[in-house]
Amino acid sequence: MPPPPEFVHAPMHGYRGDDTRTALTHPRGLTVAISRQAGSRGTAIAHKVADILSWQVFDHDTLDYLVQNDTARSQLLADVPADAMLWADAQLAHLQRARNLSGSPDTLRLVRLVLTVAARGNVVILGRAAGFMLPPETTIHVRIIAPDEARIAYVAQELRMTRPEAAEEVRARDERRALFLDRTLALDPADLTAYDAVVNSERLGVEGTAQFIGWAVRTKQMFTELADEPPPPFTDLDELAGA
């Protein structure tokens, strides 16, 4: 699987984290966790939000690549400060106890990766149940929706499918995502109380939806105490792929 092309931020190569292993009680910054219905333009919106905030985005392709590529994942985690790693491990243990977190070794690696990425803060995470795993105090959890017809039309155009084929693809994707959440955390994506906001991307468009989420982030920043020192950037996956 080739590295996702989205990673264009300059790496801080060789950074090995903080020397002191202090206990981190919450992530160092906010995370935008985006859940979405199939065909609701969630990927485009996630990248637009990251552009607006000048944050890094981890979409489903990037996360899957890191889970499957041991070298890339190990080098990425080597650049994570010790306190962030400790928080991620503690949060994983909490999920295993409180949410009866279960799954394959790949699933547990994915969950730990999501938690570690979020511990650094200032990141947009698309999918993979991130918003259900992270503390609400430092997470803006957004559900992107759109009418069925709009979602089917988008998938049909994007994948060059007939309308019946696109309708089946939309149904199958929604079903797979709901099944993953149910099997991993025994939760239902249709429970709207799990989100800070539910946004109809058909009404606002990609730009409008992203700006709305950016506004939510800035509002939450006003009421959230976060670490003063921003974390260094993550390693560039394009560089790791050549290792």
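Basis of the calculations
- Residues numbered from 1 in each chain as written.
- Predicted model: local features only at pLDDT ≥ 70, side-chain atom pairs only at ≥ 80, totals over all residues.
- Heavy atoms only, no water.
- Helix = DSSP H or I, 4+ residues; strand = E, 2+ residues; numbered from the N terminus.
- Contact = heavy atoms within 4.5 Å.
- Buried < 20%, exposed > 50% of the residue type's maximum accessible area, 1.4 Å probe, protein only.
- Expected span 1.5 Å × (residues − 1).
- Core = buried A, V, L, I, M, F, W, Y, C linked by side-chain atoms within 4.5 Å.

Visitor: Please give an account of the environment of T116 that cites residues and values.
Guide: Of note, T116 is situated in helix α5 (residues 105-120). Between the alpha carbons of T116 and P27 there is a distance of 9.0 Å; along the sequence they are 89 residues apart. Apart from the residues lying within four places of it in its own chain, the contact partners of T116 are L77, V80, M85 and A88.

Visitor: I'd like a description of the side chain of S35, backed by residues and values.
Guide: When you line up the elements, S35 lands in strand β1 (residues 31-36). S35 gets classed as buried once you look at its relative accessible area, which sits at 11%.

Visitor: I'd like a description of helix α7 (residues 148-159), backed by residues and values.
Guide: Given a rise of 1.5 Å per residue, twelve residues ought to cover 16 Å, and the 16 Å separating the end C-alpha atoms of α7 matches this to within 8%. For α7, the set of buried residues is A150, R151, I152, V155 and A156. Next to the buried residues of α7 lie α8 (163-185) and α9 (201-222). Positioned one or two residues after α7, R160 has a phi angle of 55°, which is positive.

Visitor: Before we move on, can you summarise unusual backbone geometry with the specific residues and values?
Guide: If you check the backbone angles, S54 has positive phi at about 60° while not being a glycine. Of the residues examined, S54 reaches a relative accessible area of 64% and is grouped as exposed. We note that R128 has phi near 60°; this positive angle belongs to a residue other than glycine. Here R128 is to be found in the loop between β3 (123-126) and α6 (130-133). Residue classification places R128 among the partly exposed residues on the basis of a relative accessible area of 21%.

Visitor: Can you explain the nonpolar core? Please cite residues and give values.
Guide: The biggest cluster of nonpolar side chains holds 35 residues, and the ones touching the most others in it are L113, L115, I125 and M133. Residue assignment for this core shows that the elements contributing at least two residues are α2 (60-68), α3 (70-78), α4 (82-98), α5, β3, α6 and α8. Here this core takes eight residues from α5, the largest share from any one element. With near-sequence residues (within four places) excluded, L115 lies in contact with W87, A88, Q91, L92, L95, M133 and L134. Membership of the second largest hydrophobic core comes to 21 residues, among which are V32, W55, I140 and V199.

Visitor: Got a sec to walk through the environment of A84? Specific residues and values, please.
Guide: Here A84 is to be found in helix α4. Judged by relative accessible area, which is 0%, A84 ranks as buried. The spatial distance from the C-alpha of A84 to the C-alpha of G121 is 9.5 Å, given a sequence separation of 37 residues.

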